Amino acid sequence: MLDQGAPTHHRTQEAPTSPGLGARLMRRKPVERLVAEGGQGEGGALRRSLGLWQLTMISIGATLGTGIFVVLGEAVPKAGPAVTLSFVIAGLTALFSALSYAELAGAIPVAGSSYSYAYATMGELIAWICGWCLVLEYGVSVAAVAVGWGEYLNELLDGTIGVTIPDALSAPPGDGGVFNLTALIVVLLAMAFLLGGARESARANTVMVVVKIAALVLFCAIGIQGFRSGNYEHFMPLGMAGVSAAGATLFFSYIGFDAASTAGEEAKNAQRDLPRAIMLSLVIVTALYVLVAAVAVGAKPWQHFNDSEAALAQIMREVTGQSFWGTLLAFCAVIAIASVVLTVLYGQTRILFAMSRDGLVPKVFARVHPKTGAPRANTVIVSLFCGVLAAAIPLGRLADATSIGTLFAFALVNIAVVVLRRTRPDMPRTFRVPLSPVFPALGFGFCVWMMGSLSTVTWVVFGVWMAAGLVFYFGYGHRRSRFATPEG
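Criteria and thresholds
- In this convention, every chain numbers its residues from 1, walking through the sequence in written order.
- Reporting of local features is limited, given that this is a predicted model, to residues whose pLDDT is at least 70; pairs of side-chain atoms are given and counted only at 80 or more, and all residues count toward the totals for whole chains, interfaces and linings.
- Side-chain measures were taken over the full set of non-hydrogen atoms in the model, leaving aside hydrogen atoms and water.
- Secondary structure is summarised from DSSP: a helix means a run of H or I of at least four residues, a strand means a run of E of at least two, and numbering begins at the N terminus for each.
- All radius of gyration figures rest on C-alpha atoms, and the globule criterion is 2.2 Å times the number of residues raised to 0.38.
- Under the scheme applied here, a residue whose accessible area is under 20% of the maximum for its type counts as buried, over 50% as exposed, and between as partly exposed, the area being computed with a 1.4 Å probe on protein chains only.
- For this analysis, a nonpolar core means a set of buried residues of the types Ala, Val, Leu, Ile, Met, Phe, Trp, Tyr and Cys, connected via side-chain atoms within 4.5 Å.
- In what follows, residue pairs with any heavy atoms lying within 4.5 Å of each other are defined as contacts.
- Here a helix's expected span is defined as the number of its residues, less one, multiplied by 1.5 Å.
- Within 3.5 Å is the distance limit for a polar contact, defined as a pair of N or O atoms, with the added protein rule that one can donate a hydrogen and the other accept it, and that residues adjacent in sequence qualify only through two side-chain atoms.
- Axis lines are fitted through C-alpha atoms, for helices just across the contact stretch, and the angle between N-to-C directions can take any value from 0 to 180 degrees.
- It is the rotation of the near helix from the far one that decides the hand of a crossing: anticlockwise by less than a right angle makes it left-handed, clockwise makes it right-handed.
- Classification used: nonpolar for Ala, Val, Leu, Ile, Met, Phe, Trp, Tyr, Cys and Pro, charged for Asp, Glu, Lys and Arg, polar for all others including Gly.
- For this analysis, a salt bridge means a side-chain nitrogen from Lys or Arg found within 4 Å of a carboxyl oxygen belonging to Asp or Glu.
- Here, patches come from residues exposed beyond 30% relative accessible area and free of salt bridges, joined within 9 Å for like charges and within 5 Å for nonpolar side chains (Val, Leu, Ile, Met, Phe, Trp, Tyr).
- Residue exposure ignores everything except the shown protein chains as possible cover, and the areas themselves are Shrake-Rupley values with a 1.4 Å probe.
- In this tally, Asp and Glu contribute negative charge and Lys and Arg positive charge; neither His nor the terminal groups of the chain are included.
- Charge placement uses NZ in Lys and CZ in Arg. For Asp and Glu, CG and CD serve respectively.
- Two aromatic rings from Phe, Tyr or Trp, using only the six-membered ring of Trp, form a pair when their centres are within 6.5 Å; if the ring planes differ by under 30 degrees the pair is stacked, by over 60 it is edge-to-face, and anything between is tilted.

1. Considering the overall build of the protein
Check the secondary structure of the protein and you find 19 helices and two strands. For the protein, the C-alpha radius of gyration of 24 Å lies close to 23 Å, the compact-globule estimate for 488 residues. For the protein, the spread of C-alpha atoms along the three principal axes comes to 110 × 45 × 40 Å. Among the 488 residues that make up the protein, the fraction classed as buried is 59%.

Next comes the structure, spelled out in structure tokens:
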């Protein structure tokens, strides 16, 4: 017979306790689960249709064109002839980060890019911060490039039919316009391609990339005829501070390999092809950037760039004394910049696709159309947002905002590759960063240094953006995350 007066605590079992806030914020998503969920969305799945060639073209498409066709005119007044050195520094910074991306892309071949890498290595909160930076990086980059597209479209129209689109409809407020309709149009055109599916978009992008490479080679062949060594006499007129400031602005032109990593769930052999595509594209792009910048500054005194957003077409016209060559380059630039919009917009939709699948953003972003294998609702929402942004905000602010988001995300990737080496040393890797952790540490250091070169206004914008992201995360994502509870 039981003693009624005895304590009864030994007869009951304590209810399992849910993990605390800190544990939930640091919950890491297993790599095996990340890979197993690859391609799976709401109502359908992404299709694996991209090979090494298409992935490399996506990398080049997202990178080549932006810094040369659009931002060169903004970067030269900051650095003078040393803008060539700015490209080298930005490219070197990208190289160290690209090595880390290549290792992680081969080990974790999924659509989320650095967001997914952070989720597997540093936990949900850091993954959210990284993903939020990527939203800034990709979304604002699309808008920034779209702004420059309108400048070259006007050059083309002026050289062919003698008319231009009025500033009111081809420039954003603050740059003499009311609403940049041309920027909105190019984003909507890219959206139309993306709605057809990844394979169709990749084919269109490949054609555009071939055109843009041919255009830049043509520019170098003609521009070298106007080369004047005197334009390089005062190589660094604004000092190293100007070089680093221009490099920080130009860095947003190097996000192409990041766009390739977002195609991890649509690549035929992601573990083999993603690292190769990342490294190959970066080498090609950096070489072309430095070559074209060197010819441009040699053909035109750096003081005369004056923030021109169609600088290369103007140089062609000045060197030859004929409008034909400038018009031809403007035509190629219209196609080239459109490919940047297309591929970067693609990357943005895949980042949100991965975040939505994890429950951190609404499910609509993970909804896949069963016929095309494309996230249609995601594509439409992102395109409209980026199009309106491009139509309403000046280029310079957009470029710097993209740079800081990119640099922050890249810094986290350099940390992630070291963490994964420590926590999962035996995981199969198709590519390994040489001299780790030295190279990842250099990549991290370069990113922090270039972030410090950006303006106070850019930092304020970034701080406001991150604060808004944390409010959204704790108000929505944290509570709806599939990993907020043990059952998730």
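2. Let's talk about the nonpolar core
By size, the foremost hydrophobic cluster in this structure holds 152 residues, and its most contacted members are Phe69, Val83, Phe219 and Leu312. If you tally residues by element for this core, the top one is helix H7 (residues 124–160), at 21 residues. Excluding residues within four positions of it along the chain, Val83 makes contact with Leu72, Ala75, Val76, Leu250, Ala293 and Val297.

3. So, the environment of Ile213
Relative to the elements of secondary structure, Ile213 occurs in helix H10 (residues 198–223). In this structure, the C-alpha to C-alpha distance between Ile213 and Trp132, residues 81 residues apart in sequence, is 32 Å.

4. A closer look at helix H11 (residues 239–250)
Across its 12 residues, H11 extends 17 Å between first and last C-alpha, which sits within 8% of the 16 Å expected from 1.5 Å per residue. Within H11, burial applies to Gly242, Val243, Ser244, Ala246, Gly247, Ala248, Thr249 and Leu250.

5. Notes on the side chain of Thr63
Mapped onto the elements of the fold, Thr63 is located in helix H3 (residues 52–63). Classification of Thr63 by relative accessible area gives buried; the value is 4%. Separated by 2.8 Å, the side chain of Thr63 and the backbone oxygen of Ser59 make a polar contact. If we ignore the near neighbours within four places in the chain, the residues touching Thr63 are Ser253, Tyr254, Ile255, Gly256, Phe257, Val285 and Tyr289.

6. A few points about the packing of H10 against helix H14 (residues 311–320)
Here H10 crosses H14 at 35 degrees, and the two axes come no closer than 10 Å. For the element pair H10 and H14, the recorded crossing hand is left-handed. Contacts between H10 and H14 involve Leu216, Leu218, Phe219 and Ile222 from the former and Leu312, Ile315, Met316, Val319 and Thr320 from the latter. Considering only residue class, the contact of H10 with H14 consists of eight nonpolar, one polar and no charged.

7. Quick word on the side chain of Thr206
Along the chain, the position of Thr206 falls in helix H10. Judged by its relative accessible area of 13%, Thr206 falls in the buried class. For Thr206, the side chain forms a polar contact with the main-chain oxygen of Ala202, separated by 2.9 Å. In contact with Thr206, not counting residues within four places along its chain, are Trp53 and Met57.

8. A short note on the packing of H10 against helix H15 (residues 323–357)
Axis separation between H10 and H15 bottoms out at 8 Å; the angle between their running directions is 145 degrees. As H10 packs across H15, the resulting crossing turns out to be left-handed. Taken together, the residues that form the contact of H10 with H15 break down as 17 nonpolar, four polar and two charged.

9. Topic: unusual backbone geometry
Following Ser436, the chain continues into Pro437 via a peptide bond in cis, with omega recorded as 5 degrees. Of note in the backbone geometry, Ser113 takes a positive phi value of approximately 55 degrees without being a glycine. Here Ser113 lies in the loop between helix H5 (83–107) and helix H6 (114–121). Overall, Ser113 belongs to the buried group, its relative accessible area being 0%.

10. Overview of H7
Compared with an ideal rise of 1.5 Å per residue, which puts 37 residues at 54 Å, H7 spans 53 Å between its outermost C-alpha atoms and is within 8% of the ideal. Burial of H7 is extensive: 31 of the 37 residues sit out of reach of the surface. Once H7 finishes, Gly162 follows within two positions and takes phi at roughly 75 degrees, a positive value.

11. Structural notes on the pattern of salt bridges
Under the definition given, this model contains 11 salt bridges. Between Arg33 and Glu37 there is a salt bridge, with its nearest N and O atoms 3.1 Å apart. The exposure class of Arg33 is partly exposed, given its relative accessible area of 29%. Since its relative accessible area comes to 12%, Glu37 is described here as buried. Measuring nitrogen to oxygen at the nearest pair gives 3.0 Å for the salt bridge that ties Arg429 to Glu103. With Arg429 in the loop between helix H17 (395–423) and helix H18 (438–452) and Glu103 in helix H5, the pair connects residues that are 326 residues apart, well separated along the chain. The exposure classification of Arg429 matches that of Glu103, with both residues buried.

12. Some points on a positive patch on the surface
On the surface, Arg47, Arg199, Arg203 and Lys268 cluster together to form a positively charged patch. Here Arg203 is to be found in helix H10.

13. Topic: the packing of aromatic side chains
The final tally for this structure, using the stated rule, is 19 aromatic pairs. Considering the side-chain rings of Phe408 and Phe462, the 5.6 Å spacing of their centres and the 55 degrees angle between planes classify their relative orientation as tilted. Here Phe462 lies in helix H19 (residues 456–480) and Phe408 lies in helix H17, a separation of 54 residues in the sequence. The exposure class assigned to Phe408 is partly exposed, which follows from its relative accessible area of 25%.

14. Some remarks on a nonpolar patch on the surface
A cluster of nonpolar side chains, contributed by Leu169, Val178, Phe179, Leu181, Ile185 and Leu189, occupies part of the molecular surface with about 490 Å² of accessible area. Top contributing element to the nonpolar patch by residue count: helix H9 (residues 181–194), with three residues. Here Val178 lies in the loop between helix H8 (167–170) and H9.

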